[in-house]
Amino acid sequence: MVTNVTNLGRSGLYDWLVQRFSAVILATYSFYILGSFVVNPDMNYEQWSALFASNVMRMFSLITLFALCAHAWIGMWTISTDYMTSLQLGKRATFFRLLFQAGCALLICVYLLWGIQIFWGN
Amino acid sequence: MLVSIYRYNPDTDDKPVMRDIEIELPAGKDLMVLDVLELVKQKDPSVVYRRSCREGVCGSDGMNINGKNGLACITPVSEAVKPGGKLVLRPLPGLPVIRDLIIDMSMFYKQYEKVKPYLINDQTPPAIERLQSPEDREKLDGLYECILCACCSTNCPSFWWNPDKFIGPAGLLQAYRFLADSRDTADTERLSGLEDPFSVFRCRGIMNCVAVCPKGLNPTRAIGHIRTMLLQQGT
Ligand code: SF4
Ligand code: SF4
Ligand code: FES
């Protein structure tokens, strides 16, 4: 068993499941948004903001936002542990990897808070 | 035919180099790559490589032949080289080179050891032997034939990146070989040793392993089965 502290769910199985579920949510949301453009090609600002006004849509957006953040973290974490290892970077690998992961975590948190504010703020 | 061989002797060379050597091939015969290597060795005895059975059974002469991993002894020259082309031999990629075509396989064996490649059974042994139905025995086909030549694992990008953490196709094929064995009672422990983010889940389904296995085995499928078993146990 390989142990480590920085992955999301502490288990590869859990991460793998989250990655797949979140992908489905992201795809559904993207198709929904794209679909509404197809149905209404010359959408104006009022219609666009009305689309996001209902509570159902706000929930859907929020869930998608969480899915996006989880998906991004697992993905970026995986990339960093593939490419930023001591085999590639030598002794400084841990430092750079942690720095990279901290940067990703920070960015994801900012997007999360910012997104919540956009969807749920006034 | 021109044969280009990866040469490296850590005692005398700073860096590995590819060196060409011209070999007369007997006319009208399609030699195996290993036969060509033997001819090379007659000309230049300093070339070193591993070999033993010369019939695809021992798994010791895995090497990179014109860009593709395979066993030199069962790869015909006609299959590896286009007519008029040259034969290019390198060690299997991704593991440290000891000398010329010989690699240090410790990491590969360490991953193999991790999956406990032996039968574990906590019941009292029967007087004669543990029986298995023909159907259950059949489940081991396509798994037990592995000769640990390492062609697959050294062709797997995930294994190149994390050879110390990702078990790799060869080890995982054997992990499943014991998970699938009706006589083995350690499924739960075996699976809990595999559920971390590296051991199994670094497999990205690239199927490079399947593409090169000289025994025609399918590690990707076995990895899929392990994942399903992990899902069943974990949910
Ligand atoms: S299928 Fe998996 S184990 Fe096989 S080469 Fe690809 S990543 Fe490696
Ligand atoms: S699975 Fe095939 S390629 Fe891999 S070690 Fe076994 S025999 Fe060799
Ligand atoms: S020499 Fe034994 S497999 Fe090639």
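Anything mentioned here points back to the structure above.
All of the points below concern the structure found in this document.

The rules behind each value
- Residues numbered from 1 in each chain as written.
- Chains lettered and ligands numbered in written order.
- Predicted model: local features only at pLDDT ≥ 70, side-chain atom pairs only at ≥ 80, totals over all residues.
- Heavy atoms only, no water.
- Helix = DSSP H or I, 4+ residues; strand = E, 2+ residues; numbered from the N terminus.
- Rg over C-alpha atoms; globule rule 2.2 N^0.38 Å.
- Buried < 20%, exposed > 50% of the residue type's maximum accessible area, 1.4 Å probe, protein only.
- Pairing = 2+ DSSP bridges.
- Axes fitted to C-alpha atoms, helices over the stretch in contact; angles between N-to-C directions.
- Phe/Tyr/Trp six-rings, centres within 6.5 Å; stacked < 30°, edge-to-face > 60°.
- Lys NZ or Arg CZ within 6 Å of the ring centre and 35° of its normal.
- Core = buried A, V, L, I, M, F, W, Y, C linked by side-chain atoms within 4.5 Å.
- Domains from an automatic or database assignment.
- Contact = heavy atoms within 4.5 Å.
- Near = heavy atom within 4 Å.
- Nonpolar A, V, L, I, M, F, W, Y, C, P; charged D, E, K, R; others polar.
- Patch = residues over 30% accessible without salt bridge, like charges linked within 9 Å, V, L, I, M, F, W, Y side chains within 5 Å.
- Areas by Shrake-Rupley, 256 points an atom, 1.4 Å probe, with all protein chains shown as cover.
- Salt bridge = Lys/Arg side-chain N within 4 Å of Asp/Glu carboxyl O.

**With respect to the overall build of chain A**
Inference 1: Secondary structure summary: chain A contains five helices and zero strands in total.
Inference 2: Counting from the amino terminus, helix and strand elements in chain A follow one another as α-α-α-α-α.
Inference 3: For 122 residues, the compact-globule formula gives about 14 Å, and the C-alpha radius of gyration of chain A, at 18 Å, lies well above that figure.
Inference 4: Reported as C-alpha extents along the three principal axes, the dimensions of chain A are approximately 55 × 25 × 25 Å.
Inference 5: Counting across all 122 residues of chain A, residues that qualify as buried make up 34%.

**Things to note about the sheet that holds strand β2 (residues 17–22) of chain B**
Residue and element names in this part refer to chain B.
Inference 1: With mixed pairing, five strands are arranged side by side in an open sheet as β2-β1-β5-β3-β4. The sheet terminates laterally at β2 and β4 (68–71), the two strands that pair on one side only. Strand-to-strand twist across the sheet, computed as the mean angle between neighbouring axes with direction ignored, equals 30°.
Inference 2: Bridge count between strand β3 (residues 62–65) and β4: four bridges; the pairing is antiparallel. Bridging from a neighbouring strand, G62 pairs with L71 of β4.

**Some details on the pairing of strand β1 (residues 2–7) of chain B**
All names here are of chain B.
Inference 1: Within β1, five of the six residues are buried, which leaves it mostly tucked inside the rest of the structure.
Inference 2: Pairing geometry for β1 and β2, over six bridges, is antiparallel. Counted as the bridge partner of Y6 is M18 from β2.

**Quick look at the packing of aromatic side chains**
Inference 1: This structure, assessed with the given rule, holds eleven aromatic pairs over all chains.
Inference 2: Measuring from ring centre to ring centre gives 6.2 Å for Y32(A) and F60(A), while their planes differ by 55°; the resulting arrangement is tilted. Of the two residues, Y32(A) is situated in helix α1 (residues 12–39) and F60(A) in helix α3 (residues 55–83); the sequence distance between them amounts to 28 residues.
Inference 3: Between F95(A) and F96(A), the aromatic rings sit 5.5 Å apart at their centres with planes inclined by 65°, giving edge-to-face as the arrangement.
Inference 4: Residue classification places F95(A) among the exposed residues on the basis of a relative accessible area of 55%.
Inference 5: Stacked on the ring of F198(B), the Lys or Arg K165(B) has its end atom at 5.3 Å from the ring centre.

**What to know about the nonpolar core**
Note on soluble globular proteins: their nonpolar side chains tend to be buried together.
Inference 1: Within the largest apolar cluster, 66 residues are counted, with the highest numbers of intra-cluster contacts made by V3(B), L87(B), L89(B) and I226(B).
Inference 2: With six residues, helix α6 (residues 168–179) of chain B is the largest single contributor of residues to this core.
Inference 3: For this core, the domains that each give at least three residues are domain 1 (2–103) and domain 2 (106–234) of chain B.
Inference 4: Those residues in contact with I226(B), other than ones at most four positions away along the chain, are L172(B), A175(B), Y176(B), L179(B), L191(B), L194(B) and V200(B).
Inference 5: If you look at the next biggest cluster of nonpolar residues, it comprises eight residues, including C104(A), I108(A), L112(A) and F198(B).

**Quick word on the site of ligand 1**
Residue and element names in this part refer to chain B.
Inference 1: Within the structure, ligand 1 sits among C156, F166, P169, C203, R204, G205, I206, M207, N208, C209, T220 and I223.
Inference 2: At the level of elements, α8 (208–212) and α9 (219–234) are the ones that each hand at least two residues to the shell around ligand 1.
Inference 3: Here the residues of the shell around ligand 1 sort into eight nonpolar, three polar and one charged.

**A short note on the site of ligand 2**
Inference 1: In the region of ligand 2, the neighbouring residues are C146(B), I147(B), L148(B), C149(B), A150(B), C151(B), C152(B), A170(B), L173(B), C213(B), P214(B) and K215(B).
Inference 2: Of the residues in the shell around ligand 2, the class split is eleven nonpolar, no polar and one charged.

**Quick look at a nonpolar patch on the surface**
Inference 1: Residues L106(A), L107(A), V110(A), Y111(A), W114(A) and I118(A) make up a contiguous nonpolar surface patch of roughly 680 Å² in combined accessible area.
Inference 2: Topologically, Y111(A) is positioned in helix α5 (residues 93–120).

Keep in mind that these numbers describe shape and distance, not what the molecule does.
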